[in-house]
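Report on the structure
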Amino acid sequence: MAIATETMQWLLDGDPALRWQVERDLLREPEQVWQATRARVATEGFGAALLARQDADGQWAGGAFFPAGFFGSPEAEEPGQPWTATTWSLNDLREWGVEAAVLGDTADRLSQNSRWEYDDLPYWGGEVDVCINAYTLANGAWLGADVAALARWFPAHRLEDGGWNCEAEEGDSVRSSFHSTLNALRGMLAYERLTGDTSLREARHSGEEYLLRRRLLYRESTGEQVGPFVGRFVYPSRHRFSALTALDHFREASLVEGGAPDDRIADAVELVRAARRADGTWTQTTPLAGRTWFPVDAGEGHPSRWLTLIGTRVLDWAGRA
């Protein structure tokens, strides 16, 4: 199904952080075209607005994973969490395509000034949560920080079933999690793509196999769907697994390594395809609760530019457009 002309124009009318990916992934524009749009992300729209909120010490909102003063505040008793601290802000800027050079000495400033809320550990060393470490690995590789020791953490903390679980370090689980495993995979893939270091590839493949054995959707033990979260598509996805986010990871991995889509993704692809509206768009389901710097996409139930970009390129890659 081709995107209607008006839908494509609607995508192109979006923020530069989205537009350059539409030009690259959907329109197949020459590199000089989408790179010129990508360069605007740092000076216009969402990217410029987020860069302007960086603190003098290199952080955002005064904290590593949570804003300064969050714990013990009334906000800490509310659902969700603020998505405004340093790690979430770096994730967004990296995924929007901001060049590392734009952030200058941010890596050094974070090394000097930012500590994890868990045990006051230094920022670029990571901590015990696999999702946090995955974000830090990717962001460190992007900004040129020394995250080689953190890279070695992932094979060492892989569980016997091939994946990862944020609860494992607290002794609460010996089974991998869909959410944690996908975050680990995305972090390791970003690290490889940004540094050229393939030392994590075997660990990443084992985590990918963990998800593929479950066809990205199902419990291996019962064959039942692992949970309704697999069909809840939101942007930004933050830490949450969905079939759409998982498929986009496998698409990105195929661009790095080559190869055709695995046949075991078929049910997940159909889930994404079935959620597409007649005009070729996808709508936001329930976003994750919590405070943000500013909205970057439509609210619940409204057509989403970001989900439409991701959904379209996933179906195109899988040959099911």
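Each chain carries its own residue numbering, running from 1 in the direction its sequence is written. The predicted nature of this model means local features are confined to residues of pLDDT at least 70 and side-chain atom pairs, given and counted, to a pLDDT of 80 or more, with totals for whole chains, interfaces and linings taken over all residues. Note that water and hydrogens are dropped before the side-chain values are worked out from all heavy atoms of the structure.

**Thoughts on the overall build of the protein chain**
- Regarding its fold elements, the protein chain presents 13 helices and 2 strands.
- For the protein chain, the spread of C-alpha atoms along the three principal axes comes to 50 × 50 × 40 Å.
- Under the scheme applied here, a residue whose accessible area is under 20% of the maximum for its type counts as buried, over 50% as exposed, and between as partly exposed, the area being computed with a 1.4 Å probe on protein chains only. Looking at the 321 residues of the protein chain, the share that counts as buried comes to 52%.
- The long-range share in the protein chain, meaning contacts at least 24 apart out of those at least 6 apart in sequence, stands at 65%.
- Total accessible area on the protein chain is roughly 13,900 Å²; 48% of this is exposed by carbon and sulfur atoms.
- Working convention for charge: Lys and Arg count positive, Asp and Glu count negative, and His plus the chain ends are omitted. In plain terms, the charge of a residue is placed at NZ if it is Lys, CZ if Arg, CG if Asp and CD if Glu. Each charge sign in the protein chain was given a centre, from 32 positive and 48 negative side chains, and these centres are 5 Å apart. We count a stretch as a helix when DSSP gives it H or I for four or more residues in a row; a strand needs E for two or more, and each element gets its number in order from the N terminus. Residues count as neighbours in contact if any of their non-hydrogen atoms are within 4.5 Å of one another. Calculation of accessible area relied on Shrake-Rupley with a 1.4 Å probe; when residues are assessed, cover is drawn exclusively from the protein chains displayed.

**Considerations on the layout of surface pockets**
- Roughly 1,000 Å³ of internal volume is contained in the largest pocket.
- Lining the largest pocket are 46 residues, with R94, E95, R186, R193 and E252 positioned closest to its centre.
- Of all the secondary-structure elements, those providing two or more residues to the lining of the largest pocket are α2 (16-26), α3 (31-39), α5 (86-96), α7 (130-143), α9 (178-195), α11 (243-257) and α13 (305-318).
- Under the grouping applied here, Gly and all other residues not named as nonpolar or charged are polar, the nonpolar ones being Ala, Val, Leu, Ile, Met, Phe, Trp, Tyr, Cys and Pro and the charged ones Asp, Glu, Lys and Arg. A per-class count over the lining of the largest pocket returns 22 nonpolar, 10 polar and 14 charged. Here a cavity denotes a set of grid points, spaced 1 Å apart and computed over the protein atoms alone, in which a 1.4 Å probe fits but from which it cannot get out, and a pocket denotes an open set meeting protein on both sides within 12 Å along at least five of seven lines; residues with an atom within 4 Å of a point are reported as lining. Grid points are joined across faces, edges and corners, and a volume is the space filled by probe spheres set on the points.

**Things to note about the pattern of salt bridges**
- In the sections that follow, a salt bridge refers to a side-chain nitrogen of Lys or Arg positioned within 4 Å of a carboxyl oxygen of Asp or Glu. This structure, assessed with the given rule, holds 28 salt bridges.
- Note that R158 and E202 form a salt bridge whose closest N and O atoms lie 3.3 Å from each other. A residue pair is termed long-range when its members are at least 10 positions apart, and R158 in the loop between α8 (148-156) and α9 and E202 in helix α10 (residues 201-213) qualify at 44 residues.
- Classification of R158 as partly exposed rests on a relative accessible area of 25%.
- Among the salt bridges present, the one from R273 reaches E270, with a minimum N-O distance of 2.6 Å. Placement of both R273 and E270 in helix α12 (residues 266-274) is noted, with a separation of 3 residues, approximately one turn of the helix.
- Taking relative accessible area as the criterion, E270 reaches 28% and is therefore assigned partly exposed.
- Members of the salt-bridge network, linked through shared partners, are R24, D25, R193, D248, R251, E252 and R313.

**A few points about unusual backbone geometry**
- Y235 connects to P236 through a cis peptide bond whose omega is -5°.
- Its place among the elements puts P236 in the loop between α10 and α11.
- Positioned with a positive phi, R215 is a non-glycine residue whose angle comes to about 55°.
- Relative to the helices and strands, R215 is located in the loop between α10 and α11.
- The class for R215 is partly exposed, based on a relative accessible area of 36%.

**A word on the packing of α11 against α12**
- Note on geometry: axes are lines fitted to C-alpha atoms, helical ones only across the stretch in contact, with angles between N-to-C directions running from 0 to 180 degrees. Remark: α11 packs on α12, axes separated minimally by 9 Å, with the N-to-C direction vectors making an angle of 120°. One element, α11, and the other, α12, form an angle in the oblique class. You can see that α11 and α12 cross each other, and the crossing is left-handed. In contact with A243, L244 and L247 of α11, α12 contributes A268, V269, L271 and V272.
- Class assignment of the residues belonging to the contact of α11 with α12 gives a composition of 7 nonpolar, no polar and no charged. In what follows, roughly perpendicular refers to angles from 65 to 115 degrees, roughly parallel to angles under 35, roughly antiparallel to angles over 145, and oblique to any angle outside these ranges. The crossing is said to be left-handed when, going from far helix to near helix, the turn is anticlockwise and less than a right angle, and right-handed when the turn is clockwise.

**Points about the packing of aromatic side chains**
- Each Phe, Tyr or Trp ring (for Trp, its six-membered ring) is paired with any other whose centre lies within 6.5 Å, and the angle between the two planes then decides the class: stacked below 30 degrees, edge-to-face above 60, tilted in between. Following the criterion strictly, the structure yields 17 aromatic pairs and no others.
- Centroid distance F46 to F294: 6.0 Å. Interplanar angle 20°. Geometry classified as stacked. In this pair, F46 is assigned in helix α4 (residues 45-51) and F294 in the loop between β1 (282-283) and β2 (303-304), connecting sequence segments 248 residues apart. The pair F46 / F294 is uniform in exposure class, with both members buried.
- Each ring, one from F66 and one from F71, has its centre 4.9 Å from the other, and the planes form 65°; the classification is edge-to-face.
- Judged by its relative accessible area of 54%, F71 is exposed.
- Of the aromatic side chains, those joined through ring pairs into one cluster are F65, F66, F70, F71, W83, W88 and Y135.
- R24 extends its terminal NZ or CZ atom over the ring of W34, reaching a point 5.6 Å from the ring centre.
- Charge over a ring is defined by NZ of Lys or CZ of Arg lying within 6 Å of the ring centre and within 35 degrees of the ring normal. The side chain of R38 reaches across the aromatic face of W20, ending 4.8 Å from its centre.

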